[in-house]
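What follows is the residue order along each chain.
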Amino acid sequence: MISAKHKPLLGVAMASLLIACSPANTPAAGGRPAPAVKVSTLAIEVVQKRVQALGTLLAQESIDISSNVTEKITALHFDDGDSVTKGQLLVTLQQDEEAAQLSSARADLAEQERELARLEGLLASQSAAQTEYDQRQTAKLRAQSKIAEIQALLAERTIRAPFSGVIGLRQLSPGALVSPGTSITTLDDLSVMRLDFQLPSLSIKAIAPGQRIVAHSDALNDDFDATISAVASRVNPIDRSITARALIKNSDQKLKPGMLMLVSITTSEYDAIMAPESALQSVQLQHYLWIMNADQKAERRQVELGIRKPGFVEIRSGVSVGEQLIYEGFASLQAGSTVAPQEG
């Protein structure tokens, strides 16, 4: 018979025994608690094989605005960064002499036309010779040709935008003497950008006109959709590369000529099992994963690896879809050990 003073001690002992025998603390083999591990279910993912290349952005159209003649600048009709339309006046060069010549040529033409009108009346009354009329007609044609010649000289001294685009920074000021080849400013059509990049000729089957690619800019930390517009007809014989050109819509004009872009081209897609790289155990050239079976026991599987992407690796053989991968807490496991899966 147990005395009353020993009953509290008996209650504490029985409670301790119940806690020690509870399922959460069932000892594993060797009398130690089952090690806690984190598991995830292996599933199929879509894997893309890609090739990458570096490319340089170019404007759809791009020129340096310069003069065809040596002359002084009398006026600049733009500001830095202006958007201009095709045919818009940009630069006026000195043209006083040509303007005076044009006025003289037009006066000569008017005189020839008046004489022709007078001779037509005289011819009707047979008071003038046909040869005199013909000479005046020839003089009129020479006057018209002279006007066209002077107008061409004026056009060379009046510089207009050859296409719509964005003006760059001006390099000269009014009064400066400009000569052929001297850049006054730049003009770029930024509505669509050209992206030229090179790939090894072994990847020539991976690119074709009309194919969509992704171009990444580190400067903008953004991705842009692009479409291959053309592939070069020749392979570079020095490095065996081939050049391709893609077009990128640039309505917001975030992209600028000369920027470096990382091009990513998807060559194929297929289904695969992907596992975290941190779950791998590697011994020389052999690789292993730990799997928890239906009895919550650990199994060590040798696996074959495929392609890698940041933080993950393709598992080609050794495991199956739906199995429980032990991705944390496997460092001290032994094959056949009972494990305690944790949420996480």
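For the structure, check the block above.
The residue count restarts for each chain, going from 1 along the sequence in the order it is written. Reporting of local features is limited, given that this is a predicted model, to residues whose pLDDT is at least 70; pairs of side-chain atoms are given and counted only at 80 or more, and all residues count toward the totals for whole chains, interfaces and linings. The basis for the side-chain values is all heavy atoms of the structure; hydrogens and waters are excluded.

*Asks:* Summarise the pairing of strand E15 (residues 286-292); cite the residues concerned and give the values.
*Replies:* Among the 7 residues in E15, 6 count as buried, and that is most of the element. For two strands to be treated as a pair, DSSP must find no fewer than two bridges joining them. Numbering of helices and strands runs from the N terminus; a helix is a DSSP stretch of H or I covering at least four residues, while a strand is a stretch of E covering at least two. Of the strand pairs in this sheet, strand E14 (residues 281-283) and E15 are connected by 3 bridges, and their pairing is antiparallel. Among the inter-strand pairings, Ser282 is bridged to a residue of E15, identified as His287. Counted between consecutive antiparallel strands, the loop separating E14 from E15 contains 2 residues, among which Gln284 sits at a positive phi close to 55 degrees. In this sheet, strand E16 (residues 298-309) lies alongside E15 in antiparallel orientation, the contact comprising 6 bridges. Each residue of the ladder has a partner; that of Tyr288, found in E16, is Gln302. We call a residue buried when its accessible area falls under 20% of the maximum for its residue type, exposed when it is over 50%, and partly exposed in between, using a 1.4 Å probe and counting protein chains only.

*Asks:* Explain the nonpolar core residue by residue, including any values.
*Replies:* If you look at the biggest cluster of nonpolar residues, it comprises 24 residues, and the most contacted ones within it are Leu57, Leu195, Phe197, Ile213, Ile248 and Leu255. Elements that contribute at least two residues to this core include exactly strand E2 (44-65), strand E9 (185-200), strand E10 (212-217), strand E11 (222-235), strand E12 (241-249) and strand E13 (260-276). The contact rule is simple, with two residues in contact once any of their heavy atoms fall within 4.5 Å. Excluding its chain neighbours within four sequence positions, the residues that come into contact with Ile248 are Leu57, Ser191, Val192, Met193, Leu195, Ala215, Phe224, Asp225, Ala226 and Leu255. Among the nonpolar cores identified, the runner-up in size contains 17 residues, and Leu90, Leu93, Phe163 and Leu187 belong to it. Residues enter a nonpolar core if they are buried and are Ala, Val, Leu, Ile, Met, Phe, Trp, Tyr or Cys, with the set joined through side-chain atoms within 4.5 Å.

*Asks:* Can you tell me about the environment of Asp80, naming the residues and giving the values?
*Replies:* Mapped onto the elements, Asp80 comes out in the loop between strand E3 (71-76) and strand E4 (83-84). By relative accessible area, Asp80 is classed as partly exposed at 45%. A sequence separation of 144 residues divides Asp80 from Phe224, and the C-alpha atoms of the two residues are 27 Å apart. Residues contacting Asp80, with those up to four places away along its chain left out, are Ile167, Gly168, Leu169 and Arg170. Distance and chemistry together define a polar contact, namely a pair of N or O atoms within 3.5 Å, with one atom able to donate a hydrogen and the other to accept it when in protein, and with adjacent residues in sequence counting only for side-chain atoms on both sides. A distance of 3.1 Å separates a polar side-chain atom of Asp80 from the backbone nitrogen of Arg170.

*Asks:* Give a description of the sheet that holds strand E5 (residues 89-93) that names residues and reports values.
*Replies:* Taken in spatial order, the 4 strands of this open sheet run E6-E5-E3-E8, and their pairing is antiparallel. The outermost strands of the open sheet, each flanked by one partner alone, are strand E6 (158-160) and strand E8 (177-178). Bridge count for E3 against E5 is 3 bridges, and the pairing is antiparallel. Bridge pairing in E5 places Ile73 opposite Leu93.

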